[in-house]
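Listed below are the residues making up each chain.
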Amino acid sequence: GGAALLPSMLMFGVILASSGLLLMIEKGILARVKPPPLHPAGGERSRRGGPEAPGDLDWQVLRDVRNRTIRAVCGQRAMPRSRRTVLRHLLVSDKYRFLYCYVPKVACSNWKRILKVLDGALESVDIKLKMDHKSDLVFLADMKPDEISYRLKHYYKFIFVRNPMERLLSAYRNKFGEIKEYQQKYGVEIVRRYRKNGGNSAGDDVTFSEFLRYLLDEEAERMNEHWMPIYNLCQPCAVRYDFIGSYERLNADANYVLERVQSPSFVRFPERQSWYKPVTAETLHYYLCNTQRRLIKELLPKYILDFSLFAYPLPNVSSEFCRQ
């Protein structure tokens, strides 16, 4: 009974928080909120050439919406709070006293590269080599309980988030279009499970619809990290983050964090690789509008906390929108 009640209580919390925030926006309350200082006093410009911090009004409103929603939703007693997963995703910099919860498909490889540079394991963020996602990195899960508690209490904590459907599409195109290991480990099984006479597939021809059907049948807590909901990965109800950056304004937010942790001026966020093909609004529009609406609507509850807590709009798959 408790398990059946949990999703409805979570949804109620999301709706309650979101409706209250929409009312505040409509009445102009958020626009009048004076945000706390985003950086140390002094008024200096960033050593990386940009403004001190992403402080425009739209960003301030977005930040306030996220903070208020997280507080409201996480205040619900039924919200799951588990540090088990997040400890494996929190990377530690003792030298610069910060914790970074990495989210796959949200520029986490570049952040890991920065951590290696800060720790002296890598000379520059521009060195061309395949990213090793384990070596030369310190994970909070590998520390003793008292060491974990101290760092959670005293270190600067941040995450970077992304539109949930865009992140899923990015994972789909990368893992099933380019990575043979994922094609063999997941692709073969997905095709066999969801396609008639799919037993001969090499796993490199998984359709986006088949991938979404697979996600529908998977428990969020047991998913591969590349498509596990951000909520489950980084547990914002169990860890209070000091900063939530956005993939949509990656460079500005990343440079703000680097300033905030007082990293050396020569350390900058890496430029996007020339070969990288980002998911554009047009690409996402194409995939969503060529997928059964029922499938997308059934999948949304699994990622509803990512949409709500991080203030992303639900995907528009109406007939009118898809005709455009």
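Up top is the structure these notes are about.
Definitions and cut-offs
- Residues numbered from 1 in each chain as written.
- Predicted model: local features only at pLDDT ≥ 70, side-chain atom pairs only at ≥ 80, totals over all residues.
- Heavy atoms only, no water.
- Phe/Tyr/Trp six-rings, centres within 6.5 Å; stacked < 30°, edge-to-face > 60°.
- Helix = DSSP H or I, 4+ residues; strand = E, 2+ residues; numbered from the N terminus.
- Salt bridge = Lys/Arg side-chain N within 4 Å of Asp/Glu carboxyl O.
- Buried < 20%, exposed > 50% of the residue type's maximum accessible area, 1.4 Å probe, protein only.
- Disulfide = S-S within 2.5 Å.
- Pairing = 2+ DSSP bridges.

*Asks:* Can you lay out the packing of aromatic side chains for me, pointing to particular residues and giving the numbers?
*Replies:* If you walk through the whole model with that rule in mind, you get 28 aromatic pairs. Ring centres of Phe-98 and Phe-158 lie 5.6 Å apart, and the angle between their planes is 50 degrees; on these two criteria the pair is classed as tilted. One end of the pair, Phe-98, is in strand S2 (residues 98–101); the other, Phe-158, is in strand S3 (residues 156–161), with 60 residues separating them in the sequence. Geometrically, the ring pair formed by Trp-111 and Phe-158 is tilted, given 5.1 Å between the ring centres and 55 degrees between the ring planes. Note that Trp-111 is positioned in helix H5 (residues 108–118) and Phe-158 in strand S3, a separation of 47 residues in sequence.

*Asks:* I'd like a rundown of the pattern of salt bridges, residues and numbers included.
*Replies:* Close approach of charged atoms allows side chains with opposite charge to pair. Applying the stated rule across the entire model yields eleven salt bridges. With a closest N to O distance of 3.0 Å, Arg-195 and Asp-205 form a salt bridge. Of this pair, Arg-195 sits in the loop between helix H8 (180–194) and helix H9 (208–217) while Asp-205 sits in the loop between H8 and H9, and the two are ten residues apart along the sequence. Residue class for Arg-195 comes out partly exposed when judged on its relative accessible area of 26%. Since its relative accessible area comes to 34%, Asp-205 is described here as partly exposed. Residue Arg-222 is joined to Glu-219 by a salt bridge in which the shortest nitrogen-to-oxygen separation is 3.5 Å. Judged by its relative accessible area of 65%, Arg-222 is exposed. Residue Glu-219 is classed as partly exposed on the basis of its relative accessible area, which comes to 47%.

*Asks:* With reference to specific residues and values, describe the state of the cysteines.
*Replies:* On inspection of all chains with the given rule, the structure shows three disulfides. The disulfide bridge from Cys-101 ends at Cys-234, spanning 2.0 Å between sulfur atoms. An S-S torsion of about -95 degrees defines the bridge between Cys-101 and Cys-234 as left-handed. Residue Cys-101 is found in strand S2, and its partner Cys-234 is found in helix H10 (residues 230–234); the two are separated by 133 residues along the sequence. By relative accessible area, which is 0% here, Cys-101 ends up buried. Looking at Cys-234, the relative accessible area reads 0%, which means it is buried. In this model Cys-289 forms its disulfide with Cys-322; the gap between the sulfur atoms is 2.1 Å. Sign of the S-S torsion, about -80 degrees for the bond between Cys-289 and Cys-322, identifies this disulfide as left-handed. Of this pair, Cys-289 sits in helix H12 (residues 281–289) while Cys-322 sits in helix H15 (residues 319–323), and the two are 33 residues apart along the sequence.

*Asks:* Can you break down the pairing of S2 residue by residue, with the values?
*Replies:* Alternating positions in S2 separate into two faces, Phe-98 and Tyr-100 on one and Leu-99 and Cys-101 on the other, with burial throughout. Summarising the sheet, strand S1 (residues 90–93) and S2 pair through four bridges and their orientation is antiparallel. By the bridge assignment for S2, Ser-93 is matched with Phe-98. Two successive antiparallel strands, S1 and S2, enclose a turn made up of four residues, where Arg-97 displays a positive phi of approximately 55 degrees. When S2 meets S3, the two strands line up parallel, connected through four bridges. Across the sheet, Leu-99 pairs through a bridge with Lys-157, a residue of S3.

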